[in-house]
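Structure at a glance
Given next are the chains, with one letter for each unit.
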Amino acid sequence: RSIMQRMNAVLRSASSTRPLGTAACTGFCVMAVGDAVAQRSAGEKQFDPQRNFVSAAYNGLASPAFYRWYQLMDRLAPGVAIRTLVPKVLASQLVTTGLNNPCYLLWCNVAEAACGTADWAAVRSRTTGQLRRELPNLYGSSMLFWLPVTGASYSLVPDHLRVLWVSAMSVAWGGFASHVAHR
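Residues numbered from 1 in each chain as written. Predicted model: local features only at pLDDT ≥ 70, side-chain atom pairs only at ≥ 80, totals over all residues. Heavy atoms only, no water.

1. As for a nonpolar patch on the surface
The test is simple: Every patch collects residues that have over 30% relative accessible area and no salt bridge, joining them within 9 Å if they carry like charges and within 5 Å if they are nonpolar side chains (Val, Leu, Ile, Met, Phe, Trp, Tyr). Surface accessibility follows the Shrake-Rupley procedure with a 1.4 Å probe radius. Residue values consider only the protein chains on display as shielding. Throughout this description, the term salt bridge denotes a Lys or Arg side-chain nitrogen within 4 Å of a carboxyl oxygen of Asp or Glu. Put simply, DSSP H or I for four residues or longer makes a helix, DSSP E for two residues or longer makes a strand, and each gets a number counted from the N terminus.
A contiguous nonpolar surface patch, about 330 Å² in accessible area, is contributed by Ile3, Met4 and Met7. Tracing the backbone shows Met4 in helix H1 (residues 3–17).

Quick look at the structure:
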């Protein structure tokens with residue numbers, strides 16, 4: 001068997017025995033590697049381990065919730081027929097985008113401040129300003145990026161590979177979101 005077939009078998013087995021732990025570990029690892037590559041490809045002069053850990057930790061913590069969300073959507077709207085898929089994708093986008101974008105920006109600001117000597121008033125001011133300034137554009141960009149990704153996830157990707165697929169797509173999105181969070 002090829003390495004991809006073996007990896008698929010390992011993920012299938014781990015997802016069936018420890019789905020939330022597998023989702024967390026997959027989400028963390030894929031984002032850690034992806035953010036490192038994103039930093040390098042963006043021409044960063046020096047690797048920022050704090051940024052990397054903050055992004056990977058968020059993805060690791062959020063991935064089990066997304067895993068459960070995908071399961072819920074599949075139970076409420078089983079199948080991949082267009083009349084089922086479209087409402088499932090739209091509901092997912094409205095809920096996950098509505099929660100995920102502000103949570104990520106908040107997480108980045110709070111986690112990075114907690115790693116250093118935090119001036120919590122400055123963190124609060126920066127976070128609220130960032131949410132007001134960045135969130136509308138982030139929502140629009142997020143919808144354009146995630147609608148096709150979510151559609152593919154529900155229609156083409158097996159359940160045990162969804163967190164891997166979405167985490168891999170999160171690397172691309174995370175590079176953009178991290179740029180927004182850190183500018």
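There's more to say after this.
2. Digging into the layout of surface pockets
Formally: We place a 1 Å grid over just the protein atoms. Points where a 1.4 Å probe fits but has no way out form a cavity, open points with protein on both sides within 12 Å along at least 5 of 7 lines form a pocket, and any residue with an atom within 4 Å of a point lines it. Grid points are joined across faces, edges and corners, and a volume is the space filled by probe spheres set on the points.
Taken as a whole, the largest pocket encloses approximately 190 Å³ of empty space. If you go around the largest pocket, the residues you meet are Tyr58, Ala62, Ala65, Phe66, Trp69, Val95, Thr96, Leu99, Asn100 and Cys103. For the lining of the largest pocket, the secondary structure elements donating two or more residues are helix H3 (49–76) and helix H4 (82–115).

3. Quick notes on the side chain of Thr150
What counts is decided by this rule: The criterion used for residue contact is that any of the two residues' heavy atoms lie within 4.5 Å.
Topologically, Thr150 is positioned in helix H5 (residues 120–156). Contact partners of Thr150, with chain neighbours within four places excluded, come to Val89, Ser92 and Gln93.

4. Considering empty space enclosed by the protein
Rules: For this scheme, ten residues count as nonpolar: Ala, Val, Leu, Ile, Met, Phe, Trp, Tyr, Cys and Pro. Four count as charged, namely Asp, Glu, Lys and Arg, and the remainder, Gly too, count as polar.
Summed over the entire model, instances satisfying the criterion amount to two cavities of 30 Å³ or more. Its volume calculated, the largest cavity comes out at about 380 Å³. The dominant element in the lining of the largest cavity, judged by the number of residues it contributes, is H4, at eight residues. Per-class residue counts for the lining of the largest cavity are 13 nonpolar, 14 polar and no charged. Volume-wise, the second largest cavity comes out at about 50 Å³. Together, Leu11, Ser15, Pro19, Thr22, Ala23, Thr26, Tyr67, Asp159, His160, Val163 and Leu164 line the second largest cavity. At the level of elements, H1, helix H2 (19–41) and helix H6 (162–182) are the ones that each hand at least two residues to the lining of the second largest cavity. With four residues, the top contributor of residues to the lining of the second largest cavity is H2. Of the residues contributing to the lining of the second largest cavity, the split by class is six nonpolar, four polar and one charged.

5. A closer look at the packing of aromatic side chains
Cut-off, in case you're wondering: Any two of the Phe, Tyr and Trp rings considered here, Trp counted by its six-membered ring, make a pair once their centres fall within 6.5 Å; the pair's planes then place it as stacked at under 30 degrees, edge-to-face at over 60, or tilted in between. Accessibility here uses a 1.4 Å probe with only protein chains present; expressed as a share of the type maximum, an area under 20% marks a residue as buried, one over 50% as exposed, and anything in between as partly exposed.
Scanning the entire structure with this criterion turns up six aromatic pairs. Look at Tyr58 and Tyr104: their rings are 5.3 Å apart centre to centre, the planes differ by 75°, and that puts the pair in the edge-to-face class. In this pair, Tyr58 sits in helix H3 while Tyr104 sits in helix H4, placing the two residues 46 residues apart along the sequence. The same class applies to Tyr58 as to Tyr104, namely buried. Seen in terms of ring centroids, Tyr70 and Tyr154 are 6.0 Å apart; in terms of plane orientation they differ by 85°. Their pairing is edge-to-face. With a gap of 84 residues between them, Tyr70 in helix H3 and Tyr154 in helix H5 connect regions that are remote in the sequence. You can call Tyr70 buried: its relative accessible area is 7%. Feature note: the residues Tyr58, Tyr104 and Trp107 constitute an aromatic cluster, connected by ring pairs.

6. Some thoughts on the packing of H3 against H4
Our working rule: Between N-to-C directions, angles span 0 to 180 degrees; the directions come from axes that are lines fitted to C-alpha atoms, helices contributing only their stretch in contact. These descriptions rest on fixed angle ranges, namely under 35 degrees for roughly parallel, over 145 for roughly antiparallel, 65 to 115 for roughly perpendicular, and the rest for oblique. By definition, any crossing whose near helix is turned counterclockwise from its far helix by less than a right angle is left-handed, and any crossing with a clockwise turn is right-handed.
Following both chains from N to C, one finds H3 and H4 inclined at 155°, their axes separated by 10 Å at the closest point. One element, H3, and the other, H4, form an angle in the roughly antiparallel class. Crossing handedness for the pair H3 and H4: right-handed. Residues belonging to the contact of H3 with H4 are distributed by class as follows: 15 nonpolar, five polar and four charged.

7. Here we look at the packing of H2 against H3
Closest axis-to-axis distance for the H2/H3 pair is 7 Å, and the angle between their directions is 145°. H2 and H3 meet at a crossing whose hand is right-handed. Residues Pro19, Leu20, Ala23, Ala24, Gly27, Phe28, Met31, Ala32, Asp35, Ala36 and Gln39 of H2 form the contact with H3, whose participating residues are Arg51, Asn52, Phe53, Ser55, Ala56, Ala57, Asn59, Gly60, Ser63, Pro64, Tyr67 and Arg68. Of the residues contributing to the contact of H2 with H3, the split by class is 13 nonpolar, seven polar and three charged.

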